[in-house]
Amino acid sequence: MRILKWLSFLILCIAGNVGLGYGQAFYFPYAPDSVLQTEVGSSRLGINTFNQYSNALLFYQDKKNIVNFSHRNSLIYNQAVSGNRFITNDLDLNFNYSYIINSWLRTGASAHFLRYGANNTTLAKNLAYLDALKNYNRQGWRLRLATGSLTDNRNTFNNTGLGAEYAGAYYLISPDSGTTVKLESESGYYDIAPRNTWFTRAVVNIEQTFDQNAAISLSAGYYSRKVEDYLLGNIQSISSDTLVGIATIAYRISDKLNYNSQNYVGLPRRDFNYRSFEGSNPRQNIYYTQQMLDTRQELTAQFARFKGTAQFLYTLTDRAYFLNNNLLLSRTELEAATKDEQRKDIREASTSWIYELSFQLNERDVLIAKSTAQLFRVDTRSNDNNQDRDEVLYAGELNYQRRWNSIFQTEFKLASNLRQLVYITPQQSNENYTERMIRLEPNFILGTKKLRWRADYSIQSTYNVRNFATEQLKNRSNRIFLTNHHIDATLTKRWHTLIDFTRRENRLSLLNWSEFKESPLDTVVIYDASIRFQYYWQNSKGSSVQTFAGYRYFRQTRQNEVGLSTETGGVLAIALDNIILQHGPRFGLSWQTSFGLYCYMDLWLQTNRVYYRYDPTTRIYLGQSFTAEQLAQQQNQFLPYFTITARYNLSAWRSLLR
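Residues numbered from 1 in each chain as written. Predicted model: local features only at pLDDT ≥ 70, side-chain atom pairs only at ≥ 80, totals over all residues. Heavy atoms only, no water.

S.K.: Can you break down the overall build of the protein residue by residue, with the values?
M.R.: Counting its regular elements, the protein contains 3 helices and 29 strands. The principal-axis extents of the C-alpha atoms in the protein amount to approximately 85 × 85 × 65 Å. When burial is assessed residue by residue, the protein has 36% of its 658 residues classed as buried. Counting only contacts in the protein whose residues sit at least 6 apart along the sequence, the fraction spanning at least 24 positions is 58%. Only carbon and sulfur atoms are counted for the fraction: they give 56% of the accessible area of the protein, which is about 37700 Å². On the protein, the mean spot of the 72 positive side-chain charges and the mean spot of the 57 negative ones are 9 Å from each other. (Helix = DSSP H or I, 4+ residues; strand = E, 2+ residues; numbered from the N terminus. Buried < 20%, exposed > 50% of the residue type's maximum accessible area, 1.4 Å probe, protein only. Contact = heavy atoms within 4.5 Å. Areas by Shrake-Rupley, 256 points an atom, 1.4 Å probe, with all protein chains shown as cover. Lys, Arg positive; Asp, Glu negative; His and termini not counted. Charge placed at Lys NZ, Arg CZ, Asp CG, Glu CD.)

S.K.: So, unusual backbone geometry: which residues are in play, and what are the values?
M.R.: Omega for the peptide link from A193 to P194 comes to 10°, which places this bond in the cis form. Its identity as a non-glycine residue notwithstanding, L232 has a phi of 50°, on the positive side. Look at L232 and you get exposed, because its relative accessible area is 67%. One non-glycine residue with positive phi stands out, namely L328, at about 55°. Structurally, L328 is set in the loop between strand 15 (306-323) and helix 2 (331-341). We classify L328 as exposed; its relative accessible area is 79%.

S.K.: Outline the side chain of T497, listing residues and values.
M.R.: Residue placement: T497 occurs in strand 23 (residues 495-512). Assessed through its relative accessible area of 9%, T497 is described here as buried.

S.K.: Outline the nonpolar core, listing residues and values.
M.R.: In this structure, L36, L58, Y60, V67, F69, L91, L93, F95, F113 and A124 together form the largest nonpolar core, which totals 10 residues. Elements with a minimum of two residues in this core: strand 2 (49-61), strand 3 (65-78) and strand 4 (86-100). Broken down by element, the residue count for this core peaks at 3 residues, all from strand 4. (Core = buried A, V, L, I, M, F, W, Y, C linked by side-chain atoms within 4.5 Å.)

S.K.: How would you explain the packing of aromatic side chains if you had to name every residue and give the values?
M.R.: For any pair of aromatic rings, the description rests on two quantities: the centre-to-centre distance and the angle between the ring planes. Tallied over the entire structure, the rule returns 18 aromatic pairs. Consider the rings of F312 and W353, whose centres lie 4.6 Å apart with planes at 50°: the pair is tilted. In this pair, F312 is assigned in strand 15 and W353 in strand 16 (residues 346-360), connecting sequence segments 41 residues apart. When its relative accessible area of 24% is taken as the criterion, F312 is described as partly exposed. Relative accessible area serves as the criterion here: at 42%, W353 is assigned to the partly exposed category. Considering the side-chain rings of W513 and F516, the 5.9 Å spacing of their centres and the 70° angle between planes classify their relative orientation as edge-to-face. Accessibility expressed as a relative area gives 45% for F516, which makes it partly exposed. Each member of the aromatic cluster is reached from another via a ring pair, and the members are F272, Y288 and Y321. Directly above the aromatic system of Y611 lies the positively charged group of R609, at a separation of 3.9 Å from the ring centroid. (Phe/Tyr/Trp six-rings, centres within 6.5 Å; stacked < 30°, edge-to-face > 60°. Lys NZ or Arg CZ within 6 Å of the ring centre and 35° of its normal.)

S.K.: With reference to specific residues and values, describe a nonpolar patch on the surface.
M.R.: Side chains of L357, F359, L361, L398, Y400, F412, L414 and I438 sit close together on the surface and give an oily, nonpolar patch of about 660 Å² of accessible area. Secondary-structure elements contributing two or more residues to the nonpolar patch are strand 16, strand 18 (389-403) and strand 19 (408-423). In this fold, I438 is placed in strand 20 (residues 433-447). (Patch = residues over 30% accessible without salt bridge, like charges linked within 9 Å, V, L, I, M, F, W, Y side chains within 5 Å. Salt bridge = Lys/Arg side-chain N within 4 Å of Asp/Glu carboxyl O.)

S.K.: Residues and numbers for the pattern of salt bridges, please.
M.R.: If you walk through the whole model with that rule in mind, you get 36 salt bridges. Across the salt bridge formed by D152 and R195, the nearest N and O atoms sit 3.4 Å from each other. Of this pair, D152 sits in strand 7 (residues 139-154) while R195 sits in strand 10 (residues 195-211), and the two are 43 residues apart along the sequence. Judged by relative accessible area, D152 falls into the buried class, the value being 9%.

S.K.: Hey, could you go over the pairing of strand 12 (residues 234-252) for me, with residue numbers and the actual values?
M.R.: With 18 bridges connecting them, strand 11 (residues 214-231) and strand 12 associate as antiparallel partners. By the bridge assignment, E228 is partnered in strand 12 with S237. Where strand 11 folds back on strand 12, the antiparallel hairpin that results is connected by 2 residues, among which L232 adopts a positive phi of roughly 50°. Taking the residues between adjacent antiparallel strands as the criterion, strand 12 and strand 13 (residues 257-276) are bridged by 4 residues. (Pairing = 2+ DSSP bridges.)

These figures capture arrangement, not role.
The structure is reproduced here in structure tokens:
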């Protein structure tokens, strides 16, 4: 009878939806008797864009039955779009039911449904399965056999077919020798004519613990997958085969020093094969092979007043393309087509040295130093590919922190980096540049029982200079000035005043590096200020209410030079300010109950105004121009921005369905 109640409840949960979902968990972990979580929300993202989402998670378990259900729905609505205004409408449903036959055997069914509204695609997978599990102190095994159907509907193609899956695992533990061996494999095949798909995975892992100071882990795996889709009247078959090797070493040199090594080797191959569909012209089959290497060596030291980390990172990707002669090409034609395809052959290598040192000078002072040196190199085999280049990066940061007393502390950061890009081939060498950056960040925190004030400042300058004299007009400088203040003042036990202020100025200029002169091209200044009074209340049962009311002011000014058309037909240069002003009262409320319900609402009754302001000059201007009537236009709108969220979380409600 309880099962019938649960099935009825699940049907009510998914009423109005078009499918169910398949749970991916291979085995079910221990969990409380029942859990229910739901969440819905909506907010305004822009002038014409809104989003809405809903999530649900249900779990139930007794001596014989386990039920999992999850639901996710995400929508983005744009009222400026004609036709279907829901530019995103994604739905993900999962359902899994398991019946426990005995301590090592269970059976069940699962379903998984996915819908992507943007490209009119739906995927559905339904399975019936049998699970077996045997656990011993030193060895155990797991096995799953499943059969079911797969549905793939996209555009005008609707395909459904049957298939089967297998998954197995075996592990052996030897506590005396510190050795653990794990073997895992899985495979599946589905025939959704005229397409088919399959996957295979096999992994072996050996972990060896020598003593408390050393451990090593070795893994080797084989991954294979094939998916098929429609492409220009053909069925495109993408097959991927990968051999993987992973080695991890952890060694404790002493109480103060530790060494870690992570190493990865991959040998993937990917085939792109095509077969004609609906009488279309055949396409050339291609494939590529790849060598991948990723290694990370790390040494850490920790002493009473000193901490340090040194890292060496190296990554390599080497890819080569080939053709299959399936278009009956002659030897000469195949060689020419192969040469054309091999223009994409590429080898990318990155080498990095990273250091971080922390010195506790005394009880109040801390000094932190960081540095990075990186070389990124791109090599191509084809003489027709001119993307060969080297990129070099040197970066450093110095951070000094001081706690002056119990209520006041400061932080001072100084960072800089140097980046160089050099194209090897003459065709691209005019793009070579050197970029220099320096950043200064002084900050402080003032904290008492009644007041907490955090202030962050940042001044950053970036200079991008081309190497060639003929490219100097592309030199740019970018300056960023940032000020941020956050003040939290406690008026009473339940009343707080929160003040936030941010000013950001971004100035992009044409740079004359030899004379170190700048000519402003575009300047953006942003002010964002808000004040709110917040009230908090909580009762003895755990329910609480938090509400606030305040005002927010946002102003963005973009300044650049344009032209103003005069009545005589000439064009004069003007300094034009494009101003966006958003301001209005802001209200918020959050409510949390003792029985798992949480609600949140944030409303900004914003008045939006867009207008222009300019200062005329007597200089003649060549470029984009406006008339005085165009610059006199302004836009005024009332745009309430909102965020609404409701969340419910309840555990151990098994008695409700008895």
